[in-house]
Amino acid sequence: MRRFPAAELPSPGQELQLDAQTSHHVLRVTLLPRGSHLELFDGQGLCCQVELIGSQDGLALVQGLTTPSATAPVPEIHVLLGLPRKPAVERVLRMATELGMGHFWPFVAQRSIAKGTHPERWAKLTEQAARQSGRSDLPEIHAVASLGEQLERLPEHLARVVLSPGAEQGADPTAPIALLVGPEGGLTPAELELAQAHGFQARPLGATILRSDTAVIAALSLIHISEPTRQ
């Protein structure tokens, strides 16, 4: 069943017009016929099934079939990433959303090459990944800031791990967690010391040095398979 985002979800029997962007995908891109069953999700954790009953003023018109309900809970995972090049950031956003990332904290590291931000593009990527993976909530993308500013804003209850090649091996990370990864070239010694001063424990991921986007996905995969409630 195809899934689409919606700002609000209808109750059973209630009719709802979808927004222009979603209507375009339903009516023009996927060319779904009248009578098709769809799943809508609101980005806050709820979803429901609807039937496409037609169009009105160029917008898709659907009717609710099921009561909006919550999907499986997603473990609390925060990713702090020193901005790498644009393609690497986009890979992280797509795959990390699929693996349960709940918060994305980008920062400009001393070794960051890419310093531009693309919030609309980033939001679209996470929405697409959530739609594909079955999530009904969307990660919160925080504004780009310095490492120090992001560390100060983190919730206090999180376990904290900074990925660092050559660090002493420890237990696999588990949620709720804040995962800190540097850009191309890694974190500087001063940045690593700053993270450790904020309670982060340095951990490696195997014997090889990973790219920043690979490191994020490898760590999230460990968290993902260790969560028995994750579906």
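Look above for the structure.
For clarity, every value in this text was computed on a predicted model and none was experimentally measured.

Engineer: Residue-level account of the packing of aromatic side chains, with values.
Structural biologist: Taken as a whole, this structure holds one aromatic pair when the rule is applied. Aromatic side chains Phe104 and Trp122 sit 5.9 Å apart centroid to centroid with 85° between the ring planes, which places their arrangement in the edge-to-face category. On the criterion of sequence distance, the pair formed by Phe104 in strand β8 (residues 103-107) and Trp122 in helix α3 (residues 119-133) is long-range, its members being 18 residues apart. Its relative accessible area of 4% is what places Trp122 among the buried residues.

Engineer: Can you explain the nonpolar core? Please cite residues and give values.
Structural biologist: Ranked by size, the top nonpolar core spans 24 residues in total, and within it Val79, Phe104, Val216 and Leu220 carry the most contacts. Listed by contribution, the elements that provide at least two residues to this core are β7 (77-82), α2 (86-98), β10 (159-163), β11 (177-181) and α6 (212-226). It is α6 that provides the largest number of residues to this core, a total of six residues. Setting aside residues no more than four positions away along its own chain, Leu220 makes contact with Ile77, Val79, Ala96, Leu99 and Leu179.

Engineer: Summarise unusual backbone geometry; cite the residues concerned and give the values.
Structural biologist: One non-glycine residue, Leu31, adopts positive backbone phi at about 55°. With respect to the helices and strands, Leu31 occurs in the loop between α1 (20-29) and β3 (37-41). Residue Leu31 is classed as exposed on the basis of its relative accessible area of 59%. Positive phi outside glycine occurs at Asp57, with the angle close to 55°. Take Asp57: it is sitting in the loop between β4 (46-56) and β5 (59-64). For Asp57, a relative accessible area of 72% corresponds to the exposed category.

Rules of the game
- Residues numbered from 1 in each chain as written.
- Predicted model: local features only at pLDDT ≥ 70, side-chain atom pairs only at ≥ 80, totals over all residues.
- Heavy atoms only, no water.
- Phe/Tyr/Trp six-rings, centres within 6.5 Å; stacked < 30°, edge-to-face > 60°.
- Helix = DSSP H or I, 4+ residues; strand = E, 2+ residues; numbered from the N terminus.
- Buried < 20%, exposed > 50% of the residue type's maximum accessible area, 1.4 Å probe, protein only.
- Core = buried A, V, L, I, M, F, W, Y, C linked by side-chain atoms within 4.5 Å.
- Contact = heavy atoms within 4.5 Å.

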